[in-house]
Amino acid sequence: MAWYKVADAFDLSKPFIRKVSAGGKSICLVNADKVYAVSSKCPHAGADLSGGWCKNGKLICPFHRYAYDLETGKGAPGQNDFINVYSVEIKDDGVYVQVTSWLERLTGKK
Ligand code: FES
């Protein structure tokens, strides 16, 4: 697992959704009640979730309005899908996201 800096230190007082990349992954950085990092591609039909919006702790896809929990990535009941979630750390110099490689996931090594 590696930590990647995805943004410089910035104003976290305003909500935002930004598309960033880390470790070869395309990620949505979401500042709602806290900062979340989730995959940016909607599993339903591939929409860019960074064009969506947040509602009640969920990220809403702009295409067909599927909803994904920002904490767990789990889709709303009936969707039977999920998005990946990544650990986030806020440091003085910026925002970091932890990404696990496919080999680490396959082997279970950390
Ligand atoms: S592409 Fe996201 S809900 Fe359909």
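Residues numbered from 1 in each chain as written. Predicted model: local features only at pLDDT ≥ 70, side-chain atom pairs only at ≥ 80, totals over all residues. Heavy atoms only, no water.

- In the annotation of an unreviewed UniProt entry, the entry for the protein reads Rieske 2Fe-2S domain-containing protein, and the organism field reads Mucilaginibacter aquatilis.
- Checking UniProt for the protein, the heading Cofactor (unreviewed entry) contains the comment "[2Fe-2S] cluster". (UniProt positions renumbered as here; feature names shortened; annotations may be inferred.)

**Re the overall build of the protein**
Stage number 1. A tally of regular secondary structure across the protein gives one helix and nine strands.
Stage number 2. For 110 residues, the compact-globule estimate of 2.2 N^0.38 gives 13 Å, and the C-alpha radius of gyration of the protein, at 14 Å, lies within 12% of that figure.
Stage number 3. Every one of the 110 residues in the protein was classed for burial, and the buried ones make up 36%.
Stage number 4. The long-range fraction of contacts in the protein, counting pairs at least 24 apart against all pairs at least 6 apart in sequence, stands at 41%. (Helix = DSSP H or I, 4+ residues; strand = E, 2+ residues; numbered from the N terminus. Rg over C-alpha atoms; globule rule 2.2 N^0.38 Å. Buried < 20%, exposed > 50% of the residue type's maximum accessible area, 1.4 Å probe, protein only. Contact = heavy atoms within 4.5 Å.)

**Observations concerning the pattern of salt bridges**
Stage number 1. Inspection of every chain in the model, using the stated rule, returns five salt bridges.
Stage number 2. The shortest N-O distance in the salt bridge between Lys5 and Asp93 comes to 3.8 Å. Within this pair, whereas Lys5 is found in strand E1 (residues 2-8), its partner Asp93 is found in the loop between strand E8 (85-91) and strand E9 (94-99), the two being separated by 88 residues in sequence.
Stage number 3. One salt-bridge network, held together by shared partners, links Lys5, Asp8 and Asp93. (Salt bridge = Lys/Arg side-chain N within 4 Å of Asp/Glu carboxyl O.)

**Observations concerning the UniProt feature "domain: Rieske" (unreviewed entry) in the protein**
Stage number 1. Here, UniProt's "domain: Rieske" (unreviewed entry) annotation points to residues 3-97.
Stage number 2. Across residues 3-97 one finds 0% helix and 47% strand; the C-alpha atoms that close the span lie 5 Å apart.

**Remarks on the sheet that holds E8**
Two pairing modes exist for strands in a sheet, parallel and antiparallel, and in both the strands are linked by backbone hydrogen bonds.
Stage number 1. Ordered by their spatial adjacency, six strands build an open sheet running E1-E9-E8-E4-E3-E2, and the pairing between neighbours is antiparallel. Strands at the two margins of the open sheet, each flanked by one partner only, are E1 and strand E2 (16-22). Taken over all neighbouring pairs, the strand axes of this sheet differ in orientation by 30° on average, direction set aside. (Pairing = 2+ DSSP bridges. Axes fitted to C-alpha atoms, helices over the stretch in contact; angles between N-to-C directions.)

**As for the nonpolar core**
Stage number 1. If you look at the biggest cluster of nonpolar residues, it comprises 13 residues, and the most contacted ones within it are Val6, Ile27, Leu29 and Val97.
Stage number 2. Within the residue set of this core, elements represented by two or more residues are E1, E2, strand E3 (25-31), strand E4 (35-39) and E9.
Stage number 3. Here Val97 is in contact with Ala2, Trp3, Tyr4, Val6, Ile27, Leu29, Ala37, Tyr86, Ser87 and Val88, once residues within four sequence places are set aside.
Stage number 4. Within the second largest apolar cluster, twelve residues are counted, among which are Cys42, Leu59, Cys61 and Ile83. (Core = buried A, V, L, I, M, F, W, Y, C linked by side-chain atoms within 4.5 Å.)

**With respect to the pairing of E4**
Stage number 1. Most of E4 sits inside the fold, with five of its five residues counted as buried.
Stage number 2. Sheet analysis places E3 next to E4, joined by five bridges and oriented antiparallel. The residue of E4 that forms the bridge with Val30 is Tyr36.
Stage number 3. Following E3, the chain reverses through three residues before pairing antiparallel with E4.
Stage number 4. In the sheet, E4 pairs with E8 via two bridges, with the strands oriented antiparallel. Bridging from a neighbouring strand, Ala37 pairs with Tyr86 of E8.

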